[in-house]
Amino acid sequence: MDGEILRDPTRRFVLQSGAAVGGGLLLSFTMTAEGQAAGDTQVNAYVRVAPDSKVTIASKVPEVGQGIKTSLPMLIAEELDVDWSAVTVEQAIADSKIYGRQVAGGSMATTLEYDGLRRVGASVRALLIQAAAARWSVAADSLTTEPGVVVHAASKRRAAYGELAADAAKLTPPDPKSLTLKDPKAFRIIGQSHKSQNLDAITTGAPTFGIDMRLPGMLYATFAKAPTYGAKVASVDLAPAKAVKGVKDAFVVEGGTNLQSIVPGVAVIADSWWAARKGREALDIKWAEHPTAAQSSKGFETKAAELSKAPPHRTLQNDGDVDAALKGAAKTVSAAYSYPFLAHAPMEPQNCTAQVKDGKVEIWAPTQNPESGRALVAKALNVDPSAITIHLIRCGGGFGRRLMNDYMVEAAVIASKVAAPVKLVWTREEDIQHDFYRPAGWHNFTAGLDASGAVVAWKNHFITFGEGESFSLAAGMNSTQFPGRAVANYRHDVSVMPLGFPTGFLRAPGNNAFGFVIQGFTDELAHAAGKDPVVFRREMLGAPRLLGEPGKGDSFHTGRMRGVLDLAAEMSGWGRKVPKGTGLGVACHYSHLGYVAVVIQATVKEGAIKVDKAWAAVDCGRQVVNPSGAEQQVQGSVLDAIGSALYQGVTFENGAAVTSNFADFPLLRMAEAPPVEVRFKLSDNNPTGLGEPAYPPTPAALVNALFAATGKRIRSLPIGDQLA
Amino acid sequence: MAFTLTVNGERRTADVDGDTPLLWVLRDTLGLVGAKFGCGAALCGACTVHLDGQPIRACVTPISDIGGKTVTTIEGIGKTPVGAKVQDAWKAIDVPQCGYCQAGQIMSASALLAAKPKPTDADIDEAMNGNLCRCATYTRIKKAIKVAAGLEAVGEKA
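Residues numbered from 1 in each chain as written. Chains lettered and ligands numbered in written order. Predicted model: local features only at pLDDT ≥ 70, side-chain atom pairs only at ≥ 80, totals over all residues.

Here we take up the overall build of chain A. Helix and strand counts for chain A come out as 19 helices and 32 strands. Its C-alpha radius of gyration of 27 Å places chain A within 12% of the 27 Å reference for a compact globule of 724 residues. Its C-alpha atoms give chain A principal-axis dimensions of about 80 × 75 × 45 Å. Within chain A, the proportion of its 724 residues that are buried is 59%. Sequence-distant contacts in chain A: of pairs separated by 6 or more residues, those separated by 24 or more amount to 77%. (Helix = DSSP H or I, 4+ residues; strand = E, 2+ residues; numbered from the N terminus. Rg over C-alpha atoms; globule rule 2.2 N^0.38 Å. Buried ≥ 20, exposed ≤ 12 C-beta atoms within 10 Å, placed from the backbone. Contact = placed C-beta atoms within 7 Å.)

Pasting the structure below:
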């Protein structure tokens with residue numbers, strides 16, 4: 001079998017000695033991997049060198065399709081000074097004491113690791129140089145490296161890394177801060193395109209993903225939960241499930257009330273997943289009543305309409321005097337925008353494999369956030385977190401869903417009641433109906449324009465979910481979001497209603513909705529001002545300046561946004577003549593430290609929408625680490641957002657999601673996917689991540705293009721048949 | 001009951017209920033986990049395998065329907081000249097993001113090229129439209145199919 005951890009599930013790094021240094025940057029560990037080739041040297045927690053100088057680099061962050069398993073090891077390899085062809089990448093085990101933050105979320109890995117992992121590589125290189133210096137009795141600063149080789153130019157002596165590694169591993173690592181990193185002009189690896197990891201396994205069907213796990217004696221599990229979140233099992237007859245051929249056991253799991261952990265349900269254990277599923281189908285479970293059963297999408301709509309008409313619960317930002325400015329405005333524009341709940345629906349349904357034996361818990365999990373899962377499992381099983389080993393398995397997509405580890409806790413709890421390793425696999429219906437949804441929301445905008453068409457007042461009454469002063473997860477909004485701080489008279493009001501369903505983080509949380517409503521409404525203002533949408537946005541951005549405090553995540557640089565706006569306009573030939581029924585739409589949005597402008601060309605014929613092409617201009621700082629992967633992330637984000645805007649929404653009735661599978665939760669298909677042209681606008685800022693920021697402007701660019709094509713303004717997602 | 005079937009040129013036996021979908025026989029009984037579970041309802045194409053060379057959705061095909069037909073999966077498609085070309089093109093273009101759907105994509109693309117060695121864009125859209133990619137790697141999938149068909153070179157802009 002190909003595919004690292006799956007090839008040998010017992011394989012893992014074992015800590016031998018040493019102590020962590022601060023900041024999560026670990027340089028002083030000596031480790032060995034069980035089963036590693038004899039003679040390999042583990043120089044630190046990230047780098048292992050073989051006698052033939054081939055190098056194995058650990059990738060700390062879970063891979064979910066964001067390409068981090070290529071780009072982070074590239075950072076180490078660059079400063080280590082090796083050829084990429086000599087590098088094998090291995091997924092690190094989950095251990096925050098060794099690796100610090102191991103989260104695939106927030107597009108933060110590039111931002112947080114860009115400096116530190118280069119120092120990891122530079123540290124190993126420095127140790128190899130020190131080892132050579134000692135061997136040759138020369139000064140370390142008289143030595144240089146070529147890829148994989150330490151060189152003493154004066155004496156023409158050369159030693160391959162493989163010859164030096166054992167000595168290097170015995171030395172004390174240098175202070176990371178003391179290391180001099182490469183001049184970017186000398187980069188050989190960073191900035192060059194490198195391919196995805198596990199390409200061979202993926203293209204030949206070798207075990208690769210969590211769902212592919214197979215262990216000796218492993219059994220399969222399904223877990224039936226109430227359609228209404230959190231409802232308890234009132235009664236169940238387990239006999240029909242146990243009568244199914246292949247079913248080994250069926251039992252009730254009491255569960256708790258924390259929806260992020262394990263909730264009440266019935267587990268069925270069998271010798272194949274199909275048998276476990278048939279057993280689950282045979283169960284006739286009576287669920288107890290639950291208050292969430294009173295909630296429905298229709299109810300939320302009604303309540304949102306009521307709240308929109310009432311005074312806001314709270315005002316979170318109030319700059320200048322909005323009401324006076326609106327009274328004095330030459331023109332006022334009001335519009336109400338809304339968007340639905342969304343599921344994540346990664347292609348690989350939720351699954352996890354777990355074994356509980358002799359007080360130890362071993363977990364093989366496709367997860368974006370392992371340490372959070374460890375804490376939940378420790379609590380659910382009442383074991384010490386150190387008794388839990390979590391192997392990070394490549395995820396068949398994440399999109400934020402696997403930041404939650406409910407399925408991991410389920411697998412661990414079920415495995416604790418079975419004397420064998422257990423693989424739990426959800427159905428697609430369970431995945432869509434037991435998600436942590438992107439919350440729906442409603443925005444009531446009013447803005448004022450002066451005689452020149454400039455925005456002099458902006459207010460937004462945001463209706464969302466929460467209770468009192470707290471918001472449901474991912475349901476709050478940054479109250480200074482642009483055009484906050486740029487418009488002198490600006491108010492952000494909020495009203496909330498309670499929600500029984502769990503919400504969570506979907507690709508570009510919050511922003512995936514706010515980009516749509518803000519940039520959709522901005523387009524309406526441009527139209528009302530009689531201005532070209534690009535020109536109007538330039539005027540709103542004004543002179544290049546930072547809004548907010550330097551270094552704060554909510555600070556916003558108008559000049560960086562102007563840069564990508566102008567580039568997207570140039571790429572798309574903005575202003576050119578298009579045929580009747582065709583329109584160009586633009587939008588720009590800042591999120592996850594990235595500035596992105598998107599232009600979309602769309603054609604509407606007899607109500608049918610065709611997205612012809614998209615152009616995306618991106619400012620993610622001064623360096624694109626892996627151009628191929630970066631292009632993929634931007635293209636994927638744009639197409640994800642187009643599919644979502646066209647089709648997607650999750651509907652609730654009687655406290656349960658009725659949306660169930662790809663028939664009623666459609667994804668974009670190939671014939672509908674337009675070409676997406678991507679360009680990067682380099683700016684003198686630290687490199688930042690790309691898993692998310694191209695999503696938020698896209699739905700607005702699409703509805704703005706549809707307006708340009710048809711004159712009809714779409715203010716509610718999904719677009720569906722609104723133009724039919 | 002016991003079913004005997006030919007998978008990737010080998011005779012294999014599975015003792016399962018007749019209603020068991022081929023997908024789960026492959027994955028759980030025979031240990032061939034390349035075909036993926038995505039929807040269980042023939043909506044996403046992640047489970048695509050070939051039955052006598054024709055692409056089918058293994059998640060809704062009961063084992064009792066296979067009879068004497070031969071099954072080819074992603075693990076075996078590389079033994080066919082077309083399948084090998086498609087796999088090579090997928091790697092050369094670096095198609096995958098998460099990679100989960102790609103086995104199904106490769107199986108659909110291989111069936112297309114076996115039937116139509118020089119497909120048009122419309123042929124590609126039609127043959128591939130049943131295969132969802134949540135990461136939306138469609139641009140590169142299309143490019144890789146054209147490369148495998150010899151219609152475009154790897155470095156050429158799509």
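From this point, the discussion proceeds with the structure in view.
To continue, consider the environment of V82 of chain A. Residues and elements named next belong to chain A. By secondary structure assignment, the location of V82 is in the loop between α2 (68-80) and β6 (87-91). What makes V82 buried here is the crowd of 28 C-beta atoms within 10 Å. With 43 residues separating them along the chain, V82 and R125 place their C-alpha atoms 9.4 Å apart. Those residues within four positions of V82 in sequence are excluded, and the remaining contacts are V55, A77, V87, P147 and G148.

Taken together, the contact between chain A and chain B spans 48 residues of the former and 47 residues of the latter. Elements that contribute at least two residues to the side of chain A that touches chain B include exactly α7 (199-204), α9 (273-282) and α18 (627-647) of chain A. Of the residues forming the side of chain A that touches chain B, the biggest block, six residues, is contributed by α18 of chain A. Residues of the side of chain A that touches chain B, tallied by class, amount to 24 nonpolar, 16 polar and eight charged. (Nonpolar A, V, L, I, M, F, W, Y, C, P; charged D, E, K, R; others polar.)

The next point concerns the domain arrangement of chain B. All names here are of chain B. With domains assigned, chain B is organised as domain 1 (2-74) and domain 2 (77-148). Just the C-alpha atoms count here: the centres of domain 1 and domain 2 sit 20 Å apart. Taken residue by residue, the interface counts 16 residues in domain 1 and 13 residues in domain 2. Looking at the side of domain 1 that touches domain 2, the elements with two or more residues in it are β3 (48-51) and β4 (54-57). Element by element, the count of residues in the side of domain 1 that touches domain 2 is highest for β3, at three residues. The residue makeup of the side of domain 1 that touches domain 2, split by class, is seven nonpolar, eight polar and one charged. (Domains from an automatic or database assignment.)

Time to look at the environment of I189 of chain A. With respect to the element layout, I189 of chain A can be found in the loop between α6 (161-170) and α7. Among the residues examined, I189 of chain A registers 24 C-beta atoms within 10 Å and is labelled buried.

In a beta sheet, neighbouring strands pair by backbone hydrogen bonds and run either parallel or antiparallel. Residue and element names in this part refer to chain A. Pairing in this open sheet of seven strands is mixed, and the strands run β12-β13-β10-β20-β17-β18-β19 from one edge to the other. Strands at the two margins of the open sheet, each flanked by one partner only, are β12 (247-253) and β19 (388-392). Averaged over all neighbouring strand pairs, the angle between strand axes comes to 20°, with direction disregarded. Sheet topology note: the strand β10 (residues 219-225)/strand β13 (residues 265-270) ladder contains six bridges and is antiparallel. Within β13, the position partnered with A224 by the bridge is V266. Across the sheet, helix α13 (residues 406-415) lies against β10, β12, β13, β17 (351-357), β18 (360-365) and β20 (422-425), angled at about 35° from β17, the strand it touches most. (Pairing = 2+ DSSP bridges. Axes fitted to C-alpha atoms, helices over the stretch in contact; angles between N-to-C directions.)

Residue and element names in this part refer to chain B. For helix α4 (residues 102-115), built from 14 residues, the straight-helix expectation of 20 Å at 1.5 Å per residue is met to within 8% by its first-to-last C-alpha distance of 20 Å. Burial analysis of α4 places 12 of its 14 residues in the buried class, which makes it a mostly covered element. Within α4 the residues assigned to the buried category are Q102, A103, G104, Q105, I106, M107, S108, A109, S110, A111, L112 and L113. (Expected span 1.5 Å × (residues − 1).)

Once that is clear, we can look at the nonpolar core. Residue and element names in this part refer to chain A. One finds A221, A412, V564, A568, V598 and A616 to be the most contacted residues of the largest nonpolar core, which totals 285 residues. With 10 residues, the single largest contributor to this core is helix α5 (residues 116-136). Sequence-distant contacts of A616, defined by excluding residues within four places in its chain, comprise A568, V596, V598, V634, V638, V676, V678 and A694. (Core = buried A, V, L, I, M, F, W, Y, C linked by C-beta atoms within 7 Å.)

Quick look at the sheet that holds strand β2 (residues 10-15) of chain B now. All names here are of chain B. Read across the sheet, five strands follow the order β2-β1-β5-β3-β4 without closing on themselves; strand pairing throughout is mixed. Bordering the open sheet on either side are β2 and β4, each of which pairs with just one other strand. Put simply, the sheet's adjacent strands are angled 40° from each other on average, direction ignored. As paired elements, strand β1 (residues 2-7) and β2 share six bridges and run antiparallel to each other. By the bridge assignment for β2, F3 is matched with A14. Across the sheet, α4 lies against β3 and β4, angled at about 35° from β3, the strand it touches most.

Turning next to the domain arrangement of chain A. Residues and elements named next belong to chain A. Domain boundaries in chain A define domain 1 (4-199), domain 2 (210-290 + 350-425) and domain 3 (311-341 + 438-710). Among the elements of the structure, α2 and α4 (109-113) are those that each provide at least two residues to the side of domain 1 that touches domain 3. Ranked by the residues each element gives to the side of domain 1 that touches domain 3, the list is headed by α2, at four residues.

Time to look at the environment of G468 of chain A. Counting through the fold element by element, G468 of chain A comes out in the loop between β22 (455-467) and β23 (470-471). For the pair G468 of chain A and S495 of chain A, spaced 27 residues apart in sequence, the C-alpha to C-alpha distance is 9.2 Å.

Cis geometry is found at the peptide bond from F482 of chain A to P483 of chain A, where omega equals 15°. Of note, P483 of chain A is situated in the loop between β23 and β24 (489-497). Here L717 of chain A and P718 of chain A are connected by a cis peptide whose omega angle stands at 0°. The residue P718 of chain A is located in the segment after α19 (697-710) in this model. Positive phi outside glycine occurs at H592 of chain A, with the angle close to 50°. Within the secondary structure, H592 of chain A is located in the loop between β27 (582-591) and β28 (594-605). Positive phi outside glycine occurs at A42 of chain B, with the angle close to 55°. By the element assignment, A42 of chain B lies in the loop between α1 (22-29) and β3.

All names here are of chain B. Over its 13 residues, helix α3 (residues 81-93) extends 18 Å from the first C-alpha to the last, a length consistent with the 18 Å expected when each residue adds 1.5 Å. Regarding α3, the residues found buried are G83, V86, Q87, A89, W90 and I93. One side of α3 carries all its buried residues, which in axial view fall inside an arc of 160°. In the stretch just after α3, D94 is the one whose phi turns positive, near 55°. (Arc of directions from axis to C-beta.)

Next up on the list: the packing of α18 of chain A against α19 of chain A. Residue and element names in this part refer to chain A. Packing of α18 against α19 leaves a shortest axis separation of 8 Å and a crossing angle of 55°. As summarised for this structure, α18 and α19 are arranged oblique, according to the angle between their axes. Considering the relative orientation of α18 and α19, their crossing is right-handed. Mapping the contact onto sequence places V638, A641, I642 and A645 in α18 and T698, P699 and L702 in α19. Here the residues of the contact of α18 with α19 are counted per class, giving six nonpolar, one polar and no charged. (Parallel < 35°, antiparallel > 145°, perpendicular 65-115°, else oblique. Left-handed = near helix turned anticlockwise from the far one by under 90°.)

In this section: the confidence of the model for chain B. Segments scoring low in pLDDT should not have their predicted coordinates read at a detailed level. Summing up the model confidence of chain B, the mean pLDDT is 97 and the portion of residues at 70 or higher is 98%. Overall fold confidence (pTM) sits at 0.95, and the ipTM for the predicted complex is 0.98. (pLDDT = per-residue confidence, 0-100.)

For any two helices packed against each other, the geometry is given by the interaxial angle and the distance between the axes. All names here are of chain A. At a minimum axis separation of 8 Å, α5 and α6 run at an interaxial angle of 90°. Between α5 and α6, the interaxial angle falls into the category roughly perpendicular. In this structure, α5 contributes L127, L128, Q130, A131, A132, A134 and R135 to the contact, and α6 contributes Y161, L164, D167 and A168. Here the residues of the contact of α5 with α6 sort into eight nonpolar, one polar and two charged.

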